[in-house]
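Chain residues, written in single-letter form:
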Amino acid sequence: MANKLTLDETFEKLEETIGKLEQEEISLEESFKLYKQGMELIKSCNEKIDKVEKEVLKLNENGELEEF
């Protein structure tokens, strides 16, 4: 699911998950479920950011930056 979301949508979903985890009435089982979802969202964010960074710049053999 997280891979199909944009980076902004993934961050929003992560913020929602954190908000749910901060609720006092949450059960331990629900906490674990949300924690797992949050970790998957963080992984997806990292992958998307890495992909964008690699697409934006590449160092050529002359030490100059150019688009990848």
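In this text, all values refer to a predicted model and were calculated from it rather than measured experimentally.

## Topic: a negative patch on the surface
Together, Asp 8, Glu 9, Glu 12, Glu 15 and Glu 16 make up a region of like negative charge exposed at the surface. Turning to its location among the elements, Glu 16 is positioned in helix α1 (residues 7-21). For Glu 16, a relative accessible area of 45% corresponds to the partly exposed category.

## Some details on the environment of Ile 49
Note that Ile 49 resides in helix α2 (residues 28-56). The class for Ile 49 is partly exposed, based on a relative accessible area of 30%. Non-local contacts of Ile 49, meaning those with residues more than four positions away in its chain, are made with Leu 7 and Phe 11.

## Focus: α2
Spanning 29 residues, α2 covers 42 Å between terminal C-alpha atoms, matching the ideal 42 Å at 1.5 Å per step. Among the residues of α2, those classed as buried are Ser 31, Leu 34, Gly 38, Leu 41, Ser 44, Cys 45 and Lys 48. Buried residues belonging to α2 abut α1.

## Structural notes on the confidence of the model for the protein chain
In this model, the protein chain carries an average pLDDT of 86, and 82% of its residues clear a pLDDT of 70 or more. Looking across the protein chain, the model is least confident in strand β1 (residues 58-59), with a mean pLDDT of 66, and most confident in α1, with 95.

## A closer look at α1
Helix length check: α1, at 15 residues, gives a terminal C-alpha distance of 21 Å against a target of 21 Å (1.5 Å per residue), a fit within 8%. Those residues of α1 lying buried are Thr 10, Leu 14 and Thr 17. One face of α1 carries all of its buried residues, which in axial projection span an arc of 60 degrees. Facing away from the buried surface of α1 by more than 90 degrees, the exposed residues are Asp 8 and Glu 15. On its buried side, α1 packs onto α2.

Parameters at a glance
- Residues numbered from 1 in each chain as written.
- Predicted model: local features only at pLDDT ≥ 70, side-chain atom pairs only at ≥ 80, totals over all residues.
- Heavy atoms only, no water.
- Patch = residues over 30% accessible without salt bridge, like charges linked within 9 Å, V, L, I, M, F, W, Y side chains within 5 Å.
- Areas by Shrake-Rupley, 256 points an atom, 1.4 Å probe, with all protein chains shown as cover.
- Salt bridge = Lys/Arg side-chain N within 4 Å of Asp/Glu carboxyl O.
- Lys, Arg positive; Asp, Glu negative; His and termini not counted.
- Charge placed at Lys NZ, Arg CZ, Asp CG, Glu CD.
- Helix = DSSP H or I, 4+ residues; strand = E, 2+ residues; numbered from the N terminus.
- Buried < 20%, exposed > 50% of the residue type's maximum accessible area, 1.4 Å probe, protein only.
- Contact = heavy atoms within 4.5 Å.
- Expected span 1.5 Å × (residues − 1).
- pLDDT = per-residue confidence, 0-100.
- Arc of directions from axis to C-beta.

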